[in-house]
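Fold and geometry: a report
If you want the building blocks of each chain, they are given just below.
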Amino acid sequence: KQKKKKKTTIQASETGAYLLKVEREQVMKHPVDVHVGKRIRHRRWLVGMTQQQLAESVGIKFQQIQKYETGMNRVSASRLWDIASSLSVPVSFFFEGLDAEAQTASPEPSAEVPLDILKDKEALDLIRSYYAIPETQRRRLFELARVLSDVA
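Counting from 1, residues in each chain are numbered in the order their sequence is written. This being a predicted model, a pLDDT of at least 70 is required before a residue's local features are given, and a value of 80 or more before pairs of side-chain atoms are given or counted; all residues contribute to the totals for chains, interfaces and linings. Derived side-chain values reflect all non-hydrogen atoms in the structure, with water molecules and hydrogen atoms excluded from consideration.

1. A closer look at helix α1 (residues 31-47)
With 17 residues, α1 should reach 24 Å at 1.5 Å per residue; the first-to-last C-alpha distance of 24 Å fits that figure. Buried, partly exposed and exposed residues are distinguished by accessible area as a fraction of the type maximum, computed with a 1.4 Å probe on protein chains only: under 20%, between the cut-offs, and over 50%, respectively. Only runs of H or I of at least four residues qualify as helices and only runs of E of at least two qualify as strands under DSSP, and these elements are numbered from the N terminus. Looking at α1, one finds that the buried residues are Asp33, His35, Val36, Gly37, Arg39, Ile40, His42, Arg43 and Arg44. Within two residues after α1, Gly48 carries a phi angle of roughly 75 degrees, on the positive side. Expected span, for any helix, means 1.5 Å times one less than how many residues it has.

This is how it looks when you write it as structure tokens:
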């Protein structure tokens, strides 16, 4: 995806008046910014937080969170620190999977599991519900799921 960057120039016209000329040029989003933005969105969804709530917790407008999540704007180190704190994860969380994403040739992905499982809203809801279960029951559910997947 690309965003448009404005290039403004001032030119003198034949009559001596000045014209303001605005051109738009295509600018590529950096893959790391896109990856970090996706990880912010996924974690925010996982904890059930809205963009507005996250924005308020770090002291910015929700539109800025939108821009971070799409990779439109780069997240500064201090802002990423604040976001990580608000989402209860280490800063390194936002960079996890970056090396794997950069590798274009993957060794035959499974047909049953999407490459980016966190893009699936149902999977996120399942994960959120799973972690809402008390730990002892969650372990039992995990073992049940493991047994059922071995049978299938």
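2. Quick notes on the confidence of the model for the chain
Every residue carries a pLDDT, the predictor's confidence in it, which falls somewhere between 0 and 100. In this model, the chain carries an average pLDDT of 80, and 69% of its residues clear a pLDDT of 70 or more. Throughout, a contact is declared for two residues whenever any of their heavy atoms are within 4.5 Å. The model gives residues 104-111 a pLDDT under 50, and that stretch makes one contact with residues more than four places away or in other chains.

3. Remarks on the packing of helix α2 (residues 51-58) against helix α4 (residues 77-86)
Direction vectors running N to C along α2 and α4 enclose 120 degrees, while the axes themselves pass 9 Å from each other. Accordingly, the angle class assigned to the pair α2 and α4 is oblique. Pair α2 / α4 crosses with right-handed handedness. Together, Leu54, Ser57 and Val58 of α2 and Arg79, Asp82, Ile83 and Ser86 of α4 make up the contact between the two elements. Polar here means any residue other than Ala, Val, Leu, Ile, Met, Phe, Trp, Tyr, Cys and Pro, which are nonpolar, and Asp, Glu, Lys and Arg, which are charged; Gly is therefore polar. Along the lines of polarity and charge, the residues of the contact of α2 with α4 split into three nonpolar, two polar and two charged. Fitted lines through C-alpha atoms serve as axes, helices being fitted only where they are in contact, and the angles separating the N-to-C directions of these axes extend from 0 to 180 degrees. Any angle from 65 to 115 degrees is called roughly perpendicular, while one under 35 is roughly parallel, one over 145 is roughly antiparallel, and all others are oblique. Crossings are classed by handedness, with left-handed meaning an anticlockwise turn of the near helix from the far one by less than a right angle and right-handed meaning a clockwise turn.

4. Notes on the pattern of salt bridges
By salt bridge we mean one thing: a side-chain nitrogen of Lys or Arg within 4 Å of a carboxyl oxygen of Asp or Glu. Going through the model one piece at a time under the given rule, you end up with seven salt bridges. Taking the shortest distance from any N to any O, the salt bridge between Arg74 and Asp33 comes out at 3.0 Å. In this pair, Arg74 is assigned in the loop between α3 (62-70) and α4 and Asp33 in helix α1, connecting sequence segments 41 residues apart. The class for Arg74 is exposed, based on a relative accessible area of 57%. Classification of Asp33 by relative accessible area gives buried; the value is 14%. Each of the salt bridges in this network shares a partner with another, and the network as a whole consists of Arg41, Arg44 and Glu69.

5. Some remarks on a nonpolar patch on the surface
Patch construction takes residues with relative accessible area above 30% that form no salt bridge. Like charges are linked within 9 Å, and nonpolar side chains (Val, Leu, Ile, Met, Phe, Trp, Tyr) are linked within 5 Å. For accessible areas, the Shrake-Rupley method is used with a probe of radius 1.4 Å. Any residue's cover is judged against the shown protein chains and nothing else. A surface patch of nonpolar side chains, about 270 Å² in accessible area, is lined by Leu141, Leu144 and Leu148. Taking the relative accessible area as the measure of exposure, Leu144 reaches 46% and is therefore partly exposed.

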